[in-house]
Every structure is written in C-alpha cells, then in structure tokens.
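# Structure assessment
The chain contents come next:
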Amino acid sequence: MKAPVVLLLAVSCANPSSPARSASPEGTELPVTTAMHRQLILVDTMRESVIAADLDAAGRASRKLAAMPEVAGAPPEWGPWLARVRDSAARVDDTWTLQTAARTVADIGRTCGGCHASTGGGPRFGNDGTPAAPKEGLRGHMVHHKAAVDGMWEGLITADTLHFARAAKALSEERPELADGPQGKRLHDLAGQAAKAKSLASRADVFGEVIAACAECHAGRDAVRKGQ
Ligand code: HEC
Ligand code: HEC
C-alpha cells in the first residue's frame, strides 16, 4: 500500500559517525551516541509517518523504539527518563489511531527535551527554528509546513523555547489564502497557540495536535483517492 504523502526523512544528527564510547555488543547495550541517534531516527520516522497518515509505519517505528537496547554506562538518574521513552513507545495496540500516535510522538518529544534539559546533553541544530519563506503553490505551502514542523520538533527535543516558538509563529503566519478550509484554519490556530506555549508540557501537547491536524487532512485525501 502506497502512502498518499511521501515525506523524505531528514536525519538531523550532527555527526552520525562519531566513535562508539563503549564496545558493548549490539543487542544488549548501545553506546550512548549510537542510542541517541537511533532514537532520533525512529521518532523522526514516527513523526513523519503520522504526518503522512501512515499509521502502520508509525506503529512499526514505535515498537522498535520500545524495544531499544539499554544505553551502555547510563547513570542511574537516566533510568526513569529512558523508561518513559520506552513506555510511551510501547503504546501501540488495537487502540492505536493517528490521534494516539500523534500524542505518543509528542510525549516522547517531551521526554527527549526534558532529559536533555536536565542533563545538558542533546543534539544541536544549525538554525534558529525559522523556516525558509514558502514558495508558491500547494507544494511550496506543504514544504513550508514541513520545515516549520521540523523546527518545532527541534525546539521541543532540545527544550529550546525560542527555537520552537519561531517555527510555530512561521506556521501560524503563513498566508491565510493558502489555509485550506476548516482543517487549514484549525492548523493555523493551533500554530498560533503553540507560539505562545509557556512550558515544555504545553509545547508537547500542542505539537501533538498540530501533527494530528496534518494527518487528518492527509488521511482525508487518502480516503478520497482509495474511493476512486
Ligand atoms: C536519559 C536522558 C536522555 C533521554 C531520555 C534522551 N536523551 Fe538524547 N542525549 C542525552 C545526553 C546526556 C546526550 C549527550 C550525550 C553525549 O554526548 O555524551 C544526548 C545526546 C543526544 C543527541 C546527540 C548525539 C550526538 O552527540 O551526536 C541526539 C541526536 C539525541 N540525544 C536525541 C534524543 C532523542 C530523539 C531523544 C528522545 C527519543 C533523546 N535523545 C532522549 C540524554 C538523553
Ligand atoms: C487542508 C489539508 C492539508 C493540511 C492541513 C496539511 N496538508 Fe500537507 N498536503 C495536502 C495535500 C492536498 C497534499 C498533496 C498530497 C497529494 O498529492 O495527495 C499535501 C502534501 C504534503 C507534503 C508532500 C509535498 C511534496 O513534496 O509533494 C508534505 C511534506 C506535507 N503535505 C506536509 C504537511 C504538514 C507538515 C502539515 C501540517 C503542519 C500538512 N501538510 C497539513 C493537504 C494538507
């Protein structure tokens, strides 16, 4: 089955080839940098699959994240954070919908951001969250949507309030004539709320609603297409 909206997975790791810090065998434990990169790739896949309304792909990535090996040499205080990522990711079951998948991505993003804030670790992104100005037409509009959501995500997982807010503001300020009916309007309203969100928790909540709104419109198109 072909997903209606094809998203390119942008792997935003700063340096995927960094040397391993520990020689633990694959399968039981992963060196911290490898583990972090793998988490990022899996949760990016979940996020992009939700946006593309591909529930199965989101579920597969979530299961993999839930089954991640331990992080080698993780200090005890990391335990609860890593367990939270796993618990959220283990949520896939018969009640898995695009809505719950969107919330799961948001919950995980909140935990990534919370732990990075508390440990001072985390990825660095070489931009301030502001997406490039949108190009003409539906495609340009969607590419801008995607770039803005990427910026919000980066801000969420690095607990960088301003990075998140700049991206959300750009999404909320997109030319209104391109806001496509009630779904488009809802998305712009949510982005406006996101730009004002004060806490990591509220940023995560509204991020989940934003990607659920993307998914809802894309899923509708899928349904139209399948019915043809
Ligand atoms: C237990 C706390 C904790 C959690 C939870 C956590 N991280 Fe990290 N992360 C860290 C720390 C600490 C570093 C810095 C590691 C280092 O360089 O020693 C880091 C670094 C990173 C890096 C940069 C790796 C590099 O050096 O290139 C990425 C990417 C990353 N984390 C992604 C994520 C994502 C995505 C999540 C959520 C799925 C996540 N992390 C959850 C603690 C955490
Ligand atoms: C009002 C409906 C609607 C909303 C809301 C919406 N999209 Fe789209 N999107 C579309 C349509 C229509 C297409 C074209 C898909 C097709 O050809 O079936 C599309 C395609 C895309 C594409 C593929 C563009 C390409 O490269 O061809 C991306 C990426 C995308 N959307 C991202 C997003 C993101 C991110 C959001 C949420 C912030 C979002 N969209 C919200 C209707 C919508």
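The following paragraphs examine the structure supplied in this document. Computed from a predicted model, the values in this text were never measured in an experiment.

Rules behind the numbers
Residues numbered from 1 in each chain as written. Chains lettered and ligands numbered in written order. Predicted model: local features only at pLDDT ≥ 70, side-chain atom pairs only at ≥ 80, totals over all residues. Heavy atoms only, no water. Salt bridge = Lys/Arg side-chain N within 4 Å of Asp/Glu carboxyl O. Helix = DSSP H or I, 4+ residues; strand = E, 2+ residues; numbered from the N terminus. Buried < 20%, exposed > 50% of the residue type's maximum accessible area, 1.4 Å probe, protein only. Donors = N, O, S within 2.8 Å, 3.2 Å for Na, K, Ca; no water. Tetrahedral: all angles 85-135°; square planar, octahedral: opposite > 155°, others 65-115°. Contact = heavy atoms within 4.5 Å. Core = buried A, V, L, I, M, F, W, Y, C linked by side-chain atoms within 4.5 Å.

This part takes up the pattern of salt bridges. This model, assessed by the stated rule, comprises 11 salt bridges. Glu70 is the partner of Arg86 in a salt bridge, and the nearest nitrogen-oxygen pair spans 3.7 Å. With Arg86 in helix H3 (residues 79-89) and Glu70 in strand S2 (residues 70-71), the pair connects residues that are 16 residues apart, well separated along the chain. Arg86 sits in the partly exposed class, given a relative accessible area of 22%. By relative accessible area, which is 44% here, Glu70 ends up partly exposed. Note that Arg91 is salt-bridged to Asp107, the shortest N-O span being 4.0 Å. Placement of Arg91 in the loop between H3 and helix H4 (98-119) and of Asp107 in helix H4 is noted, with a sequence separation of 16 residues between them. Its relative accessible area of 31% is what places Asp107 among the partly exposed residues. Sharing partners across several salt bridges, the network here consists of Asp44, Arg47, Glu48, Lys146 and Asp150.

Taken together, the protein ligands of the iron atom of ligand 1 are Met36 (SD) and His116 (NE2), with distances of 2.0 to 2.3 Å. Between the six donor atoms coordinating the iron atom of ligand 1, the angles at the centre fall across 87 to 179°, so the site counts as octahedral. Within this pair, whereas Met36 is found in helix H1 (residues 32-51), its partner His116 is found in helix H4, the two being separated by 80 residues in sequence. By relative accessible area, Met36 is classed as partly exposed at 27%.

We now examine the side chain of Thr104. Topologically, Thr104 is positioned in helix H4. In contact with Thr104, other than residues within four places in its own chain, are Met46, Ser62, Ser88, Ala89, Arg91 and Trp96.

One finds Leu65, Met152 and Phe207 to be the most contacted residues of the largest nonpolar core, which totals 52 residues. Of all the secondary structure elements, the ones that give two or more residues to this core are H1, helix H2 (55-66), H3, H4, helix H5 (137-157), helix H6 (161-172), helix H7 (181-196) and helix H8 (200-226). Broken down by element, the residue count for this core peaks at 10 residues, all from H8. Sequence-distant contacts of Met152, that is, excluding residues within four places in its chain, are made with Phe164, Ala167, Ala168, Leu171, Ala194, Phe207 and Val210.

Coordination of the iron atom of ligand 2 by the protein is provided by Met142 (SD) and His218 (NE2), with metal-donor distances spanning 2.0 to 2.2 Å. Between the six donor atoms coordinating the iron atom of ligand 2, the angles at the centre fall across 86 to 179°, so the site counts as octahedral. Taken together, the residues span a long stretch of sequence, with Met142 in helix H5 and His218 in helix H8 at a distance of 76 residues. Its relative accessible area of 32% is what places Met142 among the partly exposed residues. Relative accessible area serves as the criterion here: at 13%, His218 is assigned to the buried category.

What follows covers unusual backbone geometry. The residue Ala53 is not glycine, and still its phi comes out positive at about 60°. One can find Ala53 in the loop between H1 and H2. A positive phi angle, close to 50°, is found at Ala159, a residue other than glycine. Mapped onto the secondary structure, Ala159 falls in the loop between H5 and H6.

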